[in-house]
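One letter stands for each residue in the lines below.
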Amino acid sequence: MHHFQYINDELFCENVPVRQICEAVGTPAFIYSRGTLERHFRIFEEPFLPVDHIVCYSMKACSNIAILRVFANLGSGTDIVSGGELFRALAAGVDASRIVYSGVGKKASEIDEALKAEILMFNVESEEELHLVNQRAVALGKRARIALRVNPNVDPLTHPYISTGLKKNKFGIDVERSLELYGRAADMEGIEAIGVDCHIGSQLTELSPFLEAIDRLKEMIGILRSRGISIQYLDIGGGLGIPYDQEEPPAPSLYGTAIVDRIANLNVKLILEPGRLLVGNAGILVTQVLFRKQGPEKSFIIVDAAMNDLIRPSLYNAHHAVWKVARKTNGVNGRIVADLVGPICESSDFLAQSREMEAVETGDLLALMSAGAYGFSMSSNYNSRPRAAEVLVDGDRYFVIRDRESYQDLIRGEHIPPAILQTS
Ligand SMILES: *Cc1c(COP(=O)(O)O)cnc(C)c1O
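The rules behind these values
- Residues numbered from 1 in each chain as written.
- Predicted model: local features only at pLDDT ≥ 70, side-chain atom pairs only at ≥ 80, totals over all residues.
- Heavy atoms only, no water.
- Core = buried A, V, L, I, M, F, W, Y, C linked by side-chain atoms within 4.5 Å.
- Buried < 20%, exposed > 50% of the residue type's maximum accessible area, 1.4 Å probe, protein only.
- Helix = DSSP H or I, 4+ residues; strand = E, 2+ residues; numbered from the N terminus.
- Domains from an automatic or database assignment.
- Contact = heavy atoms within 4.5 Å.
- Near = heavy atom within 4 Å.
- Polar contact = N/O pair within 3.5 Å; in protein donor to acceptor, adjacent residues only side chain to side chain.
- Areas by Shrake-Rupley, 256 points an atom, 1.4 Å probe, with all protein chains shown as cover.
- Nonpolar A, V, L, I, M, F, W, Y, C, P; charged D, E, K, R; others polar.
- Salt bridge = Lys/Arg side-chain N within 4 Å of Asp/Glu carboxyl O.

**Looking at the nonpolar core**
Across soluble globular proteins, nonpolar side chains show a tendency to be buried alongside one another.
Phase 1 of the analysis: The biggest cluster of nonpolar side chains holds 100 residues, and the ones touching the most others in it are Tyr 57, Ile 67, Phe 122, Ile 146, Tyr 255 and Val 279.
Phase 2 of the analysis: Among the elements that take part in this core, helix H8 (residues 208–226) stands out by supplying 8 residues, more than any other.
Phase 3 of the analysis: Taken together, domain 1 (4–31 + 280–411) and domain 2 (34–278) each give at least three residues to this core, which thus spans both.
Phase 4 of the analysis: Setting aside anything within four residues of it in sequence, one finds Phe 122 in contact with Tyr 101, Lys 106, Ile 111, Ala 114, Leu 115, Val 133, Ala 144, Arg 145, Ile 146 and Ala 147.
Phase 5 of the analysis: The next biggest cluster of nonpolar side chains, apart from the first, holds 19 residues, and it includes Tyr 6, Leu 11, Val 286 and Leu 365.

**Things to note about the site of the ligand**
Phase 1 of the analysis: Inspection of the region around the ligand gives 15 residues, with Lys 60, Ser 202, Glu 273, Arg 276 and Tyr 374 positioned closest.
Phase 2 of the analysis: Between the ligand and Gly 275, the relevant distance is 3.0 Å, taken from an oxygen atom to a main-chain nitrogen or oxygen of the residue.
Phase 3 of the analysis: Arg 276 is positioned with one of its backbone polar atoms (N or O) 2.7 Å from an oxygen atom of the ligand.
Phase 4 of the analysis: About the coverage of the ligand: the protein hides 94% of its 380 Å² of free accessible area.
Phase 5 of the analysis: Here the residues of the shell around the ligand are counted per class, giving 2 nonpolar, 8 polar and 5 charged.

**Brief notes about the pattern of salt bridges**
Phase 1 of the analysis: In the structure shown here, the tally under the stated rule is 21 salt bridges.
Phase 2 of the analysis: Linking Asp 52 and Lys 269 is a salt bridge whose minimum nitrogen-to-oxygen distance equals 3.8 Å. Of this pair, Asp 52 sits in the loop between helix H2 (34–45) and strand S5 (53–58) while Lys 269 is found in strand S13 (residues 269–272), placing the two residues 217 residues apart along the sequence.
Phase 3 of the analysis: A residue is classified by how much of its surface remains accessible, and Asp 52, at 47% relative accessible area, is partly exposed.
Phase 4 of the analysis: On the basis of relative accessible area, Lys 269 is assigned to the partly exposed category, the value being 23%.

Structure below.
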C-alpha cells in the first residue's frame, strides 16, 4: 500500500499532483511520500510491539537525513555500514544508543568515530575486525559492545548479488568459528559481547530462510549462555522483500508474528534492520521523455533519467513499473512495447526493457514506481550527470529535501595542479 494514485487520470503523491512538483524542481526527481514511510514503519513494527525490540532502519536503502528523521520521530534506530552513514544518522538526530554498525570492512577511523558516539553495538564480521575494535576501544578507554555477525549458511532464495548468508559469501563468520571467537572475546579488555547478529540477504520473498537462520542463532545463544556468555540482543537483520512485479513476499504481519513466536522465552531484545520494506514503495523516480526512436528491431523511449539515477535494472535486472504521470484511460493512445533508456553511453543503460505500456509522446512525464530503496542512494555522477533532486511530500505540501546537484558540485574538490596548468 502506498500513497501514489491517480485522480482523474493524473498521478498524485498524497494530495500533490506529481506534475506540479516536476514543474517546480525539474526532472529527474525522486519523490517520497511521508505518509507511506510512516505507514510502512508502523505496519512493520506492529507485530513486535509485545516484545522488547528496536527497529534499526537500514539507511543504505535511502539515506537522506529527512527520511532518517521521519523514522527517528517514530522511535527508529539506524543500521549503518560506514562512517559516512554514522555522520548522516547523527546529523539527522538519530539517538546513538539505537545505532548498530554492520559491514565487512570497517576502518580504524570509522571504529573510533562510532566508539566516541557511543553507539549501541558493532556487528563484527571477522576475527581481525574483532581485534581492531578491541584495540581501538582500549586506546580510547572504552568498551565496545559487539555482536558477531554469524553466517548461518541458509539460502535466501534471492538474486545472487544480494544473497549474503551463504558459506561462499564474504559476510559474517560461520557458526563454529563464531562460537570459538565469542570465547576469545570474553578475554578482551575492550570488548563486551552482548549480541548475536545475522543478515542473510535482501528482497526475500519466502519466510523459511529467516526462520531457519533464527533457529541456528537460537541454538548458538543457548550454547553461549551455557558457557557463561550472557547474550542480551538478537539482531536478525533485514531483507524482507516487496512486490515490484509478480513477487508475493510474506506480509510484514506474517513475518513479524512468525519471528515473535520463534523467539518466545528466549529472553533477548530483538533488533530488526529493515531497509527496502520501509522505503521501497514510498518513493518514485519521475523522468521526462526526451525522444522516441524506432530501431530496426526495437522501439526506444529516451528519457532524462538513466542508470546513474537508478541502477537496479542494469545491476540486478530489476523490474520497476512505469506509470504515466498523465494517463489516458479511454485507450485513444494505444499500447506500445518499448525499451525505456537513458542518455548514458552504455548499452546497459536501461530502466525497462521490452515493456508493454500506453503510448507516450515526447515531453511526457513517466514515473518509475518503487524506486525509494536503493535508488538515490546508489546513484552516481557517471557521464557527469548531476544527481537528481529529492522531494518529500507531506499531505498537501512538499519539500525539496536534496537540491538537484549543480555543475559546480560536479567539480567540487577537483584541482588542476600548477605544473599541469603551465603550458610550456
Ligand atoms: C542491506 C542491509 C540491510 C537491509 O536490507 P533490506 O533488504 O533493504 O531490508 C540490513 N542489514 C544489513 C547488515 C544490511 O547490509
